[in-house]
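# Topology and contacts: notes
If you want the building blocks of each chain, they are given just below.
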Amino acid sequence: MIQGALFDLDGVIADTSVYHFQAWRALIQTNFHKKLPDELEQRTKGVSRADSLQAILDFLQIDVPQKQFEQLMIEKNQLYLQSLEQLQPKDTLPGIVALLEALQAQKIKIALASASRNAPTILAKLQLTDYFAAIADPAQVQAGKPAPDIFLAAAQGIAVAPKDCIGIEDSIAGIQAINAAQAFSVGVGSAQELGAADLLVDDTSQLKLDIIQTQFAKHIQ
Ligand code: BG6
Ligand code: MG
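Residues numbered from 1 in each chain as written. Chains lettered and ligands numbered in written order. Predicted model: local features only at pLDDT ≥ 70, side-chain atom pairs only at ≥ 80, totals over all residues.

### Remarks on the overall build of the protein chain
The following threshold applies: Helix and strand assignments follow DSSP, with helices taken as H or I runs no shorter than four residues and strands as E runs no shorter than two, numbered in order from the N terminus. Both definitions apply: the radius of gyration is a C-alpha atom measure, and the globule rule equals 2.2 Å times residues to the power 0.38. Three exposure classes are used. Buried residues have 20 or more other C-beta atoms within 10 Å of their own C-beta, exposed residues have 12 or fewer, and partly exposed residues fall in between, all C-beta atoms being placed from the backbone.
When helices and strands are counted, the protein chain shows 10 helices and 6 strands. Taken against the 2.2 N^0.38 rule, which gives 17 Å for 221 residues, the C-alpha radius of gyration of the protein chain at 17 Å falls within 12% of a compact globule. Across its three principal axes, the protein chain shows a C-alpha extent of roughly 50 × 35 × 30 Å. Going through the 221 residues of the protein chain one by one, you find that 43% of them count as buried.

### What to know about the site of ligand 1
Filter applied, for reference: Proximity of a residue to a molecule or strand is defined by its backbone-placed C-beta atom lying within 6 Å of that partner. Residue polarity follows a fixed list, in which Ala, Val, Leu, Ile, Met, Phe, Trp, Tyr, Cys and Pro are nonpolar, Asp, Glu, Lys and Arg are charged, and the others, Gly among them, are polar.
Of all residues adjacent to ligand 1, which total 17 residues, the nearest are Asp-10, His-20, Arg-49, Ser-116 and Arg-117. Those elements that provide at least two residues to the shell around ligand 1 are helix 1 (17–32) and helix 3 (49–60). When grouped by side-chain class, the residues that make up the shell around ligand 1 number 3 nonpolar, 10 polar and 4 charged.

### Some thoughts on the sheet that holds strand 2 (residues 109–112)
Here is the rule: Strands are treated as partners if at least two bridges between them are detected by DSSP.
If you walk across this open sheet you meet the 6 strands as 3-2-1-4-5-6, and the pairing is parallel. Unpaired on one side and paired on the other, strand 3 (134–135) and strand 6 (199–201) mark the two borders of the sheet. Where strand 1 (residues 4–7) and strand 2 come together, 4 bridges link them in parallel fashion. Residue Gly-4 lies in a different strand from strand 2, and its bridge partner there is Lys-109.

### Topic: the nonpolar core
Which entries qualify depends on this criterion: The nonpolar core criterion groups buried Ala, Val, Leu, Ile, Met, Phe, Trp, Tyr and Cys residues into a set whenever they are joined through C-beta atoms within 7 Å. Contacts are defined on C-beta atoms placed from the backbone: any two residues whose C-beta positions lie within 7 Å are in contact.
In this structure, Leu-6, Leu-112, Phe-151, Ala-154 and Ile-166 are the most contacted members of the largest nonpolar core, which totals 54 residues. Beyond its immediate stretch of four places on either side in the chain, Ile-166 contacts Ile-2, Ala-5, Leu-6, Ala-183, Phe-184, Val-186, Ile-212 and Phe-216. Membership of the second largest hydrophobic core comes to 6 residues, among which are Trp-24, Leu-27, Ile-28 and Leu-53.

### Considerations on the pairing of strand 5 (residues 184–188)
Condition: Whether a crossover is right-handed depends on one test, that the path from the first strand over the helix to the second runs clockwise when the strands point away from the viewer.
The buried count for strand 5 comes to 5 of 5 residues, which makes it a mostly enclosed element. Residue alternation in strand 5 divides its side chains into two sets, Phe-184, Val-186 and Val-188 and Ser-185 and Gly-187, and both sets are buried. Across 4 bridges, the pairing between strand 4 (residues 165–169) and strand 5 is parallel. Within strand 5, the residue paired with Gly-167 across the bridge is Ser-185. Regarding topology, helix 8 (residues 172–181) serves as the crossover connection from strand 4 to the parallel strand 5, and that connection is right-handed.

Here's what the structure looks like:
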């Protein structure tokens, strides 16, 4: 029986992962006059702000002093926050509110396991905060996704063993993190990228609790 549901946010609850990459692109264009290739979008998905910037600079083979690194992170976040200004409840991805309602109806506890420090602001803008019994704080965990830490913290926040939880993710790093936490991983995206997920759906409108429960039951047999 599923007792807890651990949600990623960007790309699962709202389509904000595209805004993250747009902000990185604009930052790199302005500061270094370089265009980031599409492939870096998936490589930075689910990955913390600092780890994403490091991956981008490594890719571009650019070395910056610590002070500039921190300045770049601030600038990226300012660009990202600008794109969130218009975010409204109607921007919640299809099927998410229905899934949250279904989980709540079955008394399955809900927690957020997002790498984003902006997650509480986004949940508030979407008017979804009340569904969440716990929001794991990415600033308090040792290692970011693909390490399991944020999912373990989210499960702990609702006092449910990770093996009794499902985790929902749209990124490669996120699915790796759920699997490492030994929860049941539900991927939203393509088999090419998220083949390691225990259950895969094409998009959030296909996140149906009865289907997830059936697959979860088979998995633990
Ligand atoms: C993840 C996003 O949810 O949060 C990443 O997929 C992002 O792209 C990470 O880097 C950290 O987000 P923030 O809002 O703290 O910069
Ligand atoms: Mg995501």
